[in-house]
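In case you want the letters, here they are:
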Amino acid sequence: DIPGFHSSQNNRIKTSKYNILTFLPVNLFEQFQRVANAYFLFLLILQLIPEISSLSWFTTIVPLMVVFTITAVKDVTDDCRTWWCILELFCILYEPFINPFTALRDDRIYLTSLFFSQADLLLLSSSEPHGLCYIETAELDGETNLKVRQALPVTSELGADIRRLAEFDGGVVCEPPNNKLDKFTGVLFWKDNRYSLNNEQMLLRGCVLRNTGWCFGMVIFAGPDTKLMQNSGRTKFKRTSIDRLMNALVLWIFGFLVCMGIILAIGNSIWEQQVGAHFRIYLYWSEVVNSSVFSGFLTFWSYIIILNSVVPISLYVSVEVIRLGHSYFINWDRKMYYPKKDIPAEVRTTTLNEELGQVEYIFSDKTGTITQNIMTFNKCSINGKTYGKSKTVPVDFSFNPLADRKFQFYDHSLIESIKLGDSMVHEFFRLLSLCHTVMSEEKNAGELIYQVQSPDEGALVTAARNFGFIFKSRTPETITVEEMGKLVTYQLLAILDFNNIRKRMSVIVQTPDGQIKLYCKGADTVLFERLHPSNEELMYLTSDHLEEFAGEGLRTLALAYKSLTEEHFKEWFKILQEENTSLDNRNEHLAAAYEEIEKDMMLLGATAVEDKLQEGVTETIASLSLANIKIWVLTGDKQETAMNIGYSCHMLTDTMNEIFIVTGHTVMELQNQHSDREYFVLQAHALEADLENEFVEVACMCQTVICCRVTPCQKAQVVELVKKHRKAVTLAIGDGANDISMIKSAHIGIGISGEEGMQAVLASDYSFAQFRYLKRLLFVHGRWSYFRMCKFLCYFFYKNFSFTLVHFWFGFFCGFSAQTVYDQWFITLFNIVYASLPVLAMGLFDQDVNDQNSMDYAKLYEPGQLNLLFNKHTFFICIAHGVYTSFALFFIPYGAFYNTAGEDGKHIADYQSFAVTVATSLVIVVSVQIALDTSYWTAINRFFVLGSIAVYFAILFAMHSDGIFVIFPNHFPFVGESIT
């Protein structure tokens, strides 16, 4: 809790599901949400009714308690892991201090450097000039680069004056609590004035104060209302195709159980009417049942109890144990560990492992996923002239003491143009040094360090730095640039932010001589529309250069500027301030204001930065294609850039047919473009609603699809379309926040721990550091998981039917009396002791080929895609095998004992001998069967198979001993009967 904070919502956060008092009831409630558990509870209740139960209650409650205990231990372990992670985080952050918070009055909070904000705060003042504050948001979005926040000028004057801060009586009207980390809309009312508030003044819960001595803040949201907690909702539950099939099969098995119960109940009614009526008087009933129909009704429920093991009570918990084991194998795989950044592979969702062996479509982001997302300034076009050559002798930047030594450029004519004072070239690099969100930091040795929010910005600012336009520092009102050795301070009048809709960023600055200029950089498609008509010729020339750059796989931006009169700017700025303080549709109003000023601009040129492919991408894509996996690249880049990357990684080859580009805006146009192609390039407008069916039909005919100019929302839309129309397993992989919707939409989402932070990783089901690890994840872990799970399920159903249906056959020889073949302790222990560990070992360790062969022979992956190893057909084969085995287990001993006499002439066949013979045969048969089914023997498999047989005989001899009968005569009647 925050001392002194009084609100309808306190700051207490509950991050765990359970506590000591609520664990048992809450966990039991959750477990009974599963239909199978509720069903077995119902059976347990039936077993407590002596008129219908021939089994003791412990035959059901012992397996049920084992399942509940294992599940409860798993749940409480997960809950404790979450609690310990949070405790460890707090210990790390708070170790040097005792109490980081000091209440001033009500909601005023004092925060010191290296501390973790525990509420969403409005920054009031800080130790830095102009109310600046530096924060790290790794706990919010995974990004470790520093971000800057700035207090309003009117509140930054409060400084550290405790009296003035305590008397601060401003009020805030803002948006309701929500989960948007990058947006905040509010208005501060203080001293009869309104001040616009946005995300730049907010310190969100979870951020850490860095490079700032102290700051004061006002609590806006606390506790569950904070944006961090609003984002902590449960991730959408994903289920595998095997899960869905198992649920259907369990319902079928239950129907089969009911049918068997009805058959045996009808048999009981007939037998009771014709034969049993003469013997009812000898039964130990408190009240004789004279109705054969009612007897059949009671027998139905008795057989439902006896035959209940065909509905596997331990199936779901066994599946979860196997999936957990497979997840640890992925986490422990050293061949998926990236030593450069100390990043191992991580399973974030344990329920999807076997689905990794069934993937048919992969949707991949480009930048940072198949490329490195490490940008280098490669070429540029300035005033209709291109600069940048292939690697020869690099430009000597020794004239610039602040140049980045890692930066290399190979066109000497550009540096000559700068030295000759070309005004357009100077204006070009001046724009790059001013239009950005980079923060600078100067080390003790005079080294200049840039904190960048995107690699693109870093590459462009570094290029300007090396060519003599060095961004030095910034304050809320100024930007200081060293231009060819001369310090120039610009007044920063306005920043027009970049977003995915605008696709551009602008700044408005005032030069020292009083000129007001707007500098803009952005996508050529949006910027060219806003140029002055006089730029038409230059625009076409620059457009040709952009196509040339994109053809080389370079990422491009267009640059433009505009001179503003003071009157025009003041008039526009007044409108901007009004829109900034509005609460309703502020973003839309601001966008309209930005549009008003960003028009009739003058074109400067364009930049081209290179983003190289990651190591192993080409080989990985080739192998995935051989496995009949269709790879789609979804990117916001230009068509030419996307195609060039496609050729670079061999997704596209010269041997393919002529390229098919979807440019139609209507169904008719798209149909006219239809032809047989091996690949095509899609433009975003093909995703319009009336084109969806045509798009999917054409795209799915191709081996490779590249979607360019797509937004994050459209990436998810493409995935949903394929899921809807193809019913195939989809996998999405990306590294940035713009990939989250795609990752969440796919059946399997994979996050790359790259240069864009950890947001994609936090939303993913699996994560690793390099695209090339995808091959091992699918071909080894995915294929093995699918193979093992299918073998486990086939054997599990076979085992249970072999065990249970013996009772069905026995019913025809015991007057349909619901008498069991086995003794009750064998029924209790069979699935949890005698036959549980061998099948778990097979589900965890079995493999048909080793990992290297799985990687080398891509065609081995296809059985999972075709769902060959476990489907309805194989299920019925397993059931038929189990029925046949149960038939043999019953009738072979029955025939062997039938009318057989010993040497003394007496019958050797009695109930106990027959039951032990059938039970022993069952244990041996299912053990031999799993030995035949096992493809890969380990010491663990051998121990479990042989150990299960040994444990069975040890318990058999113990339970049939005189000693245990003397101690528990009611629970072990076999020995007593044979003695008497």
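Residues numbered from 1 in each chain as written. Predicted model: local features only at pLDDT ≥ 70, side-chain atom pairs only at ≥ 80, totals over all residues. Heavy atoms only, no water.

- An unreviewed UniProt entry annotates the protein as Phospholipid-transporting ATPase originating from Gopherus evgoodei.
- Comment text from UniProt for the protein, heading Catalytic activity (unreviewed entry), reads "ATP + H2O + phospholipidSide 1 = ADP + phosphate + phospholipidSide 2."
- Per UniProt, the comment on the protein under Sequence similarities (unreviewed entry) is "Belongs to the cation transport ATPase (P-type) (TC 3.A.3) family. Type IV subfamily." (UniProt positions renumbered as here; feature names shortened; annotations may be inferred.)

A word on the overall build of the protein
Moving on, step 1. Counting its regular elements, the protein contains 34 helices and 30 strands.
Moving on, step 2. Classification of the 980 residues of the protein by burial places 54% in the buried group.
Moving on, step 3. For the protein, long-range pairs separated by at least 24 residues make up 71% of all intrachain contacts whose partners lie at least 6 apart in sequence.
Moving on, step 4. Only carbon and sulfur atoms are counted for the fraction: they give 58% of the accessible area of the protein, which is about 43,900 Å². (Helix = DSSP H or I, 4+ residues; strand = E, 2+ residues; numbered from the N terminus. Buried < 20%, exposed > 50% of the residue type's maximum accessible area, 1.4 Å probe, protein only. Contact = heavy atoms within 4.5 Å. Areas by Shrake-Rupley, 256 points an atom, 1.4 Å probe, with all protein chains shown as cover.)

A word on the nonpolar core
Moving on, step 1. Counting residues in hydrophobic clusters, the biggest one holds 80 residues, and the most contacted among them are Leu315, Phe792, Leu793, Tyr822 and Phe826.
Moving on, step 2. The contact partners of Phe792, leaving out residues within four places of it in the chain, are Leu315, Ser318, Val319, Ile322, Val839, Met842 and Gly843. (Core = buried A, V, L, I, M, F, W, Y, C linked by side-chain atoms within 4.5 Å.)

A short note on the sheet that holds strand E5 (residues 171–174)
Pairing between the strands of a sheet is mediated by backbone hydrogen bonds and can be parallel or antiparallel.
Moving on, step 1. Read from one edge to the other, the open sheet built from three strands follows the order E5-E6-E7, with strand pairing classed as antiparallel. Either end of the sheet is taken by a strand with one partner, and the two such strands are E5 and strand E7 (193–197). Along the sheet, successive strands turn relative to each other by an average axial angle of 25 degrees, direction set aside. (Pairing = 2+ DSSP bridges. Axes fitted to C-alpha atoms, helices over the stretch in contact; angles between N-to-C directions.)

Some remarks on the UniProt feature "active site" (unreviewed entry) in the protein
Moving on, step 1. UniProt's feature table lists "active site" (unreviewed entry) at Asp365, given in the numbering used throughout.
Moving on, step 2. Among the structural elements, Asp365 can be located in the loop between strand E12 (359–364) and strand E13 (371–382).
Moving on, step 3. In contact with Asp365, other than residues within four places in its own chain, are Ile370, Leu634, Lys715, Ile733, Gly734, Asp735, Asp739 and Met742.
Moving on, step 4. Of the polar contacts made by the side chain of Asp365, one reaches the side chain of Thr369; its length is 3.4 Å. (Polar contact = N/O pair within 3.5 Å; in protein donor to acceptor, adjacent residues only side chain to side chain.)

Some details on the packing of aromatic side chains
Moving on, step 1. Scanning all chains against the criterion turns up 57 aromatic pairs.
Moving on, step 2. For the pair Trp252 and Phe876, a centre-to-centre distance of 5.8 Å together with 20 degrees between the ring planes defines the contact as stacked. Of this pair, Trp252 sits in helix H8 (residues 241–274) while Phe876 sits in helix H30 (residues 872–897), and the two are 624 residues apart along the sequence.
Moving on, step 3. Judged by relative accessible area, Phe876 falls into the partly exposed class, the value being 46%.
Moving on, step 4. The ring centre of Tyr337 lies 4.8 Å from the NZ or CZ of Arg334, which sits over that ring.
Moving on, step 5. Here Lys419 stacks its cationic end above the ring of Phe399, 5.1 Å away from the centre of that ring. (Phe/Tyr/Trp six-rings, centres within 6.5 Å; stacked < 30°, edge-to-face > 60°. Lys NZ or Arg CZ within 6 Å of the ring centre and 35° of its normal.)

Section: unusual backbone geometry
The general pattern is negative phi for most residues beyond glycine and trans for most peptide bonds.
Moving on, step 1. One non-glycine residue, Lys503, lies in positive phi territory at about 55 degrees.
Moving on, step 2. Residue classification places Lys503 among the partly exposed residues on the basis of a relative accessible area of 26%.
Moving on, step 3. Phi at Asn867 takes a positive value of approximately 55 degrees, unusual for a residue other than glycine.
Moving on, step 4. One can find Asn867 in the loop between helix H29 (862–865) and H30.
Moving on, step 5. Judged by relative accessible area, Asn867 falls into the partly exposed class, the value being 26%.

Digging into the packing of helix H25 (residues 773–811) against helix H26 (residues 824–834)
Moving on, step 1. Between H25 and H26, whose axes approach to 11 Å, the crossing angle comes to 170 degrees. Judged by the angle between their axes, H25 and H26 are roughly antiparallel. Of the residues in H26, those touching H25 at Lys799, Asn800, Phe803 and His807 are Phe826, Ile827, Phe830 and Asn831.
Moving on, step 2. Here the residues of the contact of H25 with H26 are counted per class, giving four nonpolar, three polar and one charged. (Parallel < 35°, antiparallel > 145°, perpendicular 65-115°, else oblique. Nonpolar A, V, L, I, M, F, W, Y, C, P; charged D, E, K, R; others polar.)

Topic: the environment of Leu356
Moving on, step 1. Inspection of the secondary structure puts Leu356 in the loop between strand E11 (346–347) and E12.
Moving on, step 2. Separated by 509 residues in the primary sequence, Leu356 and Gln865 place their C-alpha atoms 9.8 Å from one another.
Moving on, step 3. Excluding residues within four positions of it along the chain, Leu356 makes contact with Ile330, Leu731, Ile748, Tyr766, Leu777, Leu778, Gly782 and Tyr861.

Focus on the sheet that holds strand E4 (residues 147–150)
Moving on, step 1. With antiparallel pairing, the three strands of this open sheet are ordered in space as E4-E3-E9. Each edge of the sheet is formed by a strand with only one pairing partner; in this case those strands are E4 and strand E9 (208–210). Adjacent strand axes in the sheet meet at a mean angle of 45 degrees when their direction is disregarded.
Moving on, step 2. Bridge analysis of strand E3 (residues 132–136) against E9 gives three bridges, and the strand direction is antiparallel. What sits directly across from Glu136, in E9, is Val208.

Here we look at the side chain of Asn535
Moving on, step 1. You can see Asn535 is positioned in the loop between helix H14 (524–527) and helix H15 (536–551).
Moving on, step 2. Residues within four places of Asn535 in sequence aside, it is in contact with Met601, Met602 and Leu603.

What about the pattern of salt bridges?
Moving on, step 1. Following the criterion strictly, the structure yields 30 salt bridges and no others.
Moving on, step 2. The salt bridge involving Asp851 is made with Lys335; its shortest N-O contact spans 3.4 Å. Of the two residues, Asp851 is situated in helix H28 (residues 851–856) and Lys335 in the loop between helix H10 (315–331) and E11; the sequence distance between them amounts to 516 residues. (Salt bridge = Lys/Arg side-chain N within 4 Å of Asp/Glu carboxyl O.)

Side note on the environment of Asn871
Moving on, step 1. Residue placement: Asn871 occurs in the loop between H29 and H30.
Moving on, step 2. Asn871 sits in the buried class, given a relative accessible area of 18%.
Moving on, step 3. For the pair formed by Asn871 and Ile242, sequence separation is 629 residues and the distance between their alpha carbons is 8.4 Å.

Notes on the confidence of the model for the protein
Low-pLDDT portions of the prediction should not be read for the details of their coordinates.
Moving on, step 1. Looking at the protein, the pLDDT average stands at 82 and 83% of residues meet or exceed 70.
Moving on, step 2. In the model, residues 1–8 has pLDDT below 50 throughout and makes 17 contacts with residues more than four positions away in sequence or in other chains.
Moving on, step 3. Throughout residues 975–980 the model reports pLDDT below 50, and contacts reaching past four residues in sequence, or to other chains, amount to nine contacts. (pLDDT = per-residue confidence, 0-100.)

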